[in-house]
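# Structural overview
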Amino acid sequence: MLYFALPNFYEHKNVNLVLYAVIKQHPQWLKAPVSLYSFTGCFPYSSWNGTGNSNLGIGAFYKDFIAMQEQSVLPDRLNCSNVLLEDYDIHDVMNQTILNIFNNGSTVLEVSSIPFMEQLQAQYPEFRYVFSKNADLITAFTPDLLNAIAETNNFLYIGIPDKYNHDFDFLKALKQKTKFELTVNPRCPHTCKDYDSCWLLEQKQQLDYSNNQHIFNCRKSNAQLTNAKQILTIEDLQKTYLPLGFNHFTFAPQYCMGNDQILGFYIQYFFKPEFQQECSAAAAQLIQTDFGGQL
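Residues numbered from 1 in each chain as written. Predicted model: local features only at pLDDT ≥ 70, side-chain atom pairs only at ≥ 80, totals over all residues. Heavy atoms only, no water.

With that out of the way, let us pick up the nonpolar core. Residues Phe-4, Tyr-269, Phe-270 and Phe-271 are the most contacted members of the largest nonpolar core, which totals 77 residues. The contact partners of Phe-4, leaving out residues within four places of it in the chain, are Val-34, Ser-35, Leu-36, Tyr-37, Ser-38, Val-184, Ile-234, Leu-237, Phe-249, Phe-251, Tyr-269 and Phe-270. Core analysis: the next-biggest nonpolar cluster, separate from the first, contains seven residues, Val-83, Leu-137, Tyr-195 and Cys-198 among them. (Core = buried A, V, L, I, M, F, W, Y, C linked by side-chain atoms within 4.5 Å. Buried < 20%, exposed > 50% of the residue type's maximum accessible area, 1.4 Å probe, protein only. Contact = heavy atoms within 4.5 Å.)

Structure below.
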């Protein structure tokens, strides 16, 4: 079984719900046995976010936080992995409000700092945690370091930096492989010499409430999902990663793409070519009946 977390729980909420329903109703159409285990993301203008600049649009409001918490069909994972956070950022009013609403025993927080996590644990003992691949921007990951973190049992999963997706010596050195999560569609080529500096700038822009989409606008980034050359396909996961012991995967979030385009990518990614037309029809029917014809 391949387990996936879907991103953009706010921006592409209905896409995620439609995909969840189609997978559940028609597992025979899938390229491989697949299960969704989490919806991940952050709300717009959340300064704690470390997945890319989400300072877009009119933002989300208290009623949106409530509705999202009430409507979720899978555990939500809130991204709190901005590596530039200072101790005082723990008092951010918007994020504290969100945590109070989502403090339900099933929500997971993704962090890149253990001290920051400990601050959160002191206030909200019910949350569970994922250790973000962003932490590699602060302290370079090694297999020994990740194995030591995994052995603490403080984290449900640990993110693997994109640059190690094809470093099989690194991956084989990890011990509890089912506790590690790989991103199948990295936004940036890991060979880019500016990879770290660009992502640090992106997180600074998030923290500064800037709407400059630095990563999205870079000519080297995978702005269009279907053109991303380094995507790990379902076939790659079955042939290479599952035999190594890795079975948890996630997608990089997309903040500047439409719902139809995202849904189309997922249909091509997860479903056999001969069933993709039927899958699109099933998705369209769900969109019509559940969402008034609009994603």
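Below, the discussion takes up unusual backbone geometry. The phi torsion at Asn-153 lies on the positive side, around 60 degrees, for a residue other than glycine. Of note in the backbone geometry, Tyr-209 takes a positive phi value of approximately 60 degrees without being a glycine. Among the structural elements, Tyr-209 can be located in the loop between helix H7 (195-207) and helix H8 (214-217). (Helix = DSSP H or I, 4+ residues; strand = E, 2+ residues; numbered from the N terminus.)

What follows deals with the packing of helix H1 (residues 13-25) against helix H10 (residues 259-270). Axis separation between H1 and H10 bottoms out at 9 Å; the angle between their running directions is 30 degrees. The angle between H1 and H10 falls in the class roughly parallel. The element H1 and its partner H10 pack so that their crossing is right-handed. Across the interface between the two elements, Val-15, Asn-16, Val-18 and Leu-19 from H1 touch Asn-259, Ile-262, Leu-263, Tyr-266 and Phe-270 from H10. (Axes fitted to C-alpha atoms, helices over the stretch in contact; angles between N-to-C directions. Parallel < 35°, antiparallel > 145°, perpendicular 65-115°, else oblique. Left-handed = near helix turned anticlockwise from the far one by under 90°.)

Another aspect to go through is helix H9 (residues 234-244). Taken together, the buried positions of H9 are occupied by Ile-234, Leu-237 and Tyr-241. The arc enclosing the buried residues of H9, seen along the axis, measures out at 75 degrees, which places them on a common side. The outward face of H9, more than 90 degrees from its buried face, is lined by the exposed residues Lys-239 and Pro-243. In this fold, the buried residues of H9 make contact with strand E1 (2-6), strand E2 (34-41), helix H6 (168-172), strand E7 (180-183), strand E8 (248-250) and H10. (Arc of directions from axis to C-beta.)

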